[in-house]
Amino acid sequence: MNQLTTPLFTGLKEHAAKKPTQFHIPGHKTGKGMDQEYREFLGDSALSIDLINIEPLDDLHHPHGMIRDAQELAAEAFGADYTFFSVQGTSGAIMTMIMSVCHPGDKIIVPRNVHKSITTAIIFSGAKPVFIHPELDEKLGISHGITPKAVQKACEAHPDAKGVLVINPTYFGITADLTHIVEIAHSYDIPVLVDEAHGVHIHFHDQLPLSAMQAGADLAATSVHKLGGSLTQSSVLNLREGLVSHGRVQSILSMLTTTSTSYILLASLDTARRHLAINGKALLDDCIKLATNARDRINSIPHLYCPGEEILGSDATYGYDPTKLIISVKNLGITGYDAEVWLRKQHNIEVELSDLYNLLCIITPGDTQVEVDKLIHALSTLAAESTPTHQEKDMTVKVPDIPVLALTPRDAFYASTERIPMKHAVGRISAEFVMVYPPGIPIFLPGEIITEDNIQYIKENMEAGLPVQGPQDDTLENIHVIKEQRAFQ
Ligand SMILES: Cc1ncc(COP(=O)(O)O)c(C=O)c1O
């Protein structure tokens, strides 16, 4: 077995080639029993490996054959002690990480701007979040990661925490000094869990920031499907053993995973691993070149700005991934949303995301100069057609105070709630999630005490036209709170 081999994909193909007479699920039986149009669209090859965990094909819940072999090769490629395949996306891997280390009532140190799978895992596990504010970028209006200093402070105040969670890289490709964060957390025997949804590729090129496993983290939920060439929904969970046990992770992952694991997804993880391990460096060389050229050309378009290395140097911006193109459009006098819609309608271009001030475009091994030229041409036309604002747009990105947590998010989630006018909600415990995006930092989470200052913060943001998201009543006149639980009695 070596990185050129694909034990799972090869085993699956060999099984399918024998054309066994199937008296098992899936009932479409290699496509024969399904809708004709869909069958023809997908093709016989894909359908021949849409199988489930019959004995010859191993079992993701108790890997002992071809899945175990494929996971071992993945662990070697990712520099992990163990790699677990996930068919529940990175969300499933993130929930597994948190539930593997937190029991009900345990503390976990997390940045405030986390993905919803993290809040969900905090609710499921009954953990108590200790929030740290991420660093804000006033120029771009986005949040970065957390700083080693903030982690040090949190660990000092909460040495009994069961985990420090880090988002690394951020969606925008910015990384913190993860090695330093790991050293700090480990000096308290606290494991470091990394949301590496946007960083599968960084492990495979030395010009890219260090991956979670390279930095010594204990667990990393890594989206192979996002930037590593596997099919949507397939991810891995990497483990460095020591502070976290392999057996515990395996059993939690199994509890959160369907028993009907898709072999099409699993095989795509096996082959994506081979592609990354064998060709990753060369492919990423090309991507970095393509993206660097795109960045330079975007920066030569009047009123557009695409940050590069100059973004580095703050406590939270230790490294960056040049294959992410953050395109600030604020000086064109339009929002990122406007630009996204314009690109779709006028040029049939779809971007990764947009917000009030920016677009995010990603360059991957799936791109060539042709796509980049198309983007540059479209952006040049957009800039030429816009009415730019000549002065730098004032963008004071403030963060709300982190409210006091009166109940664990799980207790708040299961409590009886009532809807009351926002103006009467001071002192009550929020049952809802309220957030302004950007910068994507929640104002209230379930379980937190509503304060006058934070209601004022919501009002200011709404008046400034910033999207306040989350509550059922999107006018924000009303909010759901925990029923008859006065926080200050
Ligand atoms: C930062 C971050 N973490 C986790 C996830 C969840 O990944 P998945 O969609 O694979 O469940 C995402 C998805 O966009 C994300 O952006």
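Every value quoted in this text rests on a predicted model; they were computed, and no experiment measured them.

Reading guide: rules and limits
Residues numbered from 1 in each chain as written. Predicted model: local features only at pLDDT ≥ 70, side-chain atom pairs only at ≥ 80, totals over all residues. Heavy atoms only, no water. Near = heavy atom within 4 Å. Polar contact = N/O pair within 3.5 Å; in protein donor to acceptor, adjacent residues only side chain to side chain. Areas by Shrake-Rupley, 256 points an atom, 1.4 Å probe, with all protein chains shown as cover. 1 Å grid on protein atoms, 1.4 Å probe; cavity = no way out; pocket = protein on both sides within 12 Å on 5 of 7 lines; lining within 4 Å. Sits in = over half its atoms within 2 Å of the grid points. Helix = DSSP H or I, 4+ residues; strand = E, 2+ residues; numbered from the N terminus. Nonpolar A, V, L, I, M, F, W, Y, C, P; charged D, E, K, R; others polar. Core = buried A, V, L, I, M, F, W, Y, C linked by side-chain atoms within 4.5 Å. Buried < 20%, exposed > 50% of the residue type's maximum accessible area, 1.4 Å probe, protein only. Arc of directions from axis to C-beta. Contact = heavy atoms within 4.5 Å. Pairing = 2+ DSSP bridges. Axes fitted to C-alpha atoms, helices over the stretch in contact; angles between N-to-C directions. Phe/Tyr/Trp six-rings, centres within 6.5 Å; stacked < 30°, edge-to-face > 60°. Lys NZ or Arg CZ within 6 Å of the ring centre and 35° of its normal.

1. With respect to the site of the ligand
Around the ligand, a shell composed of Gly89, Thr90, Ser91, Ile94, His115, Asp195, Ala197, His198, Ser223, His225 and Lys226 is seen. Taking Asp195, its side chain carries an N or O atom lying 2.6 Å from a nitrogen atom of the ligand. Protein contacts shield 80% of the accessible area of the ligand, which totals 390 Å² for the unbound molecule. Structurally, the ligand is housed in the largest pocket. Among the secondary structure elements, those contributing two or more residues to the shell around the ligand are helix H5 (89-101) and helix H9 (224-227). A total of 4 residues in the shell around the ligand trace back to one element, the largest contributor, which is H5. By residue class, the composition of the shell around the ligand is 2 nonpolar, 7 polar and 2 charged.

2. Focus: the nonpolar core
Of all hydrophobic cores here, the largest spans 32 residues; its most connected members are Leu8, Phe85 and Leu266. At the level of secondary structure, the elements contributing two or more residues to this core comprise helix H1 (7-17), helix H4 (66-78), H9 and helix H11 (263-299).

3. Description of helix H8 (residues 178-187)
Three or more residues of H8 are buried, namely Leu178, Ile181, Val182, Ile184 and Ala185. For H8, the buried positions fall inside an angular range of 165 degrees around the axis, keeping them on one side. Opposite the buried face of H8, at more than 90 degrees from it, the exposed residues are Glu183 and Ser187. Tucked inside the fold, the buried residues of H8 contact helix H7 (148-157), strand E6 (164-167) and strand E8 (192-196). Directly after H8, the chain includes Asp189, whose backbone phi takes a positive value near 60 degrees.

4. A short note on the sheet that holds strand E16 (residues 434-436)
One open sheet holds the 3 strands; their spatial order is E17-E16-E18, and the pairing between them is antiparallel. At either margin of the open sheet sits one strand with a lone partner, and together these are strand E17 (441-444) and strand E18 (468-469). The pairing of E16 with E18 spans 2 bridges and is classified as antiparallel. Following the sheet pairing, Met435 is matched in E18 by Gln469. Running at roughly 125 degrees to E17, helix H15 (residues 452-463) makes contact with E16, E17 and E18 of the sheet.

5. Overview of the packing of aromatic side chains
Summed over all chains, the structure comprises 3 aromatic pairs. A centroid spacing of 5.6 Å and a plane angle of 70 degrees characterise the contact between Phe78 and Phe204, whose relative ring orientation is edge-to-face. With Phe78 in helix H4 and Phe204 in the loop between E8 and strand E9 (219-222), this pair connects stretches of sequence that are 126 residues apart. Neither residue differs from the other here; Phe78 and Phe204 are each classed as buried. Arranged with centres 6.4 Å apart and planes meeting at 25 degrees, the rings of Tyr82 and Phe84 form a pair that is stacked. Lying across the ring of Phe131, Arg112 places its NZ or CZ 4.5 Å from the centre. Across from the ring centre of Tyr305, 4.4 Å away, lies the NZ or CZ of Lys139, which sits over that ring.

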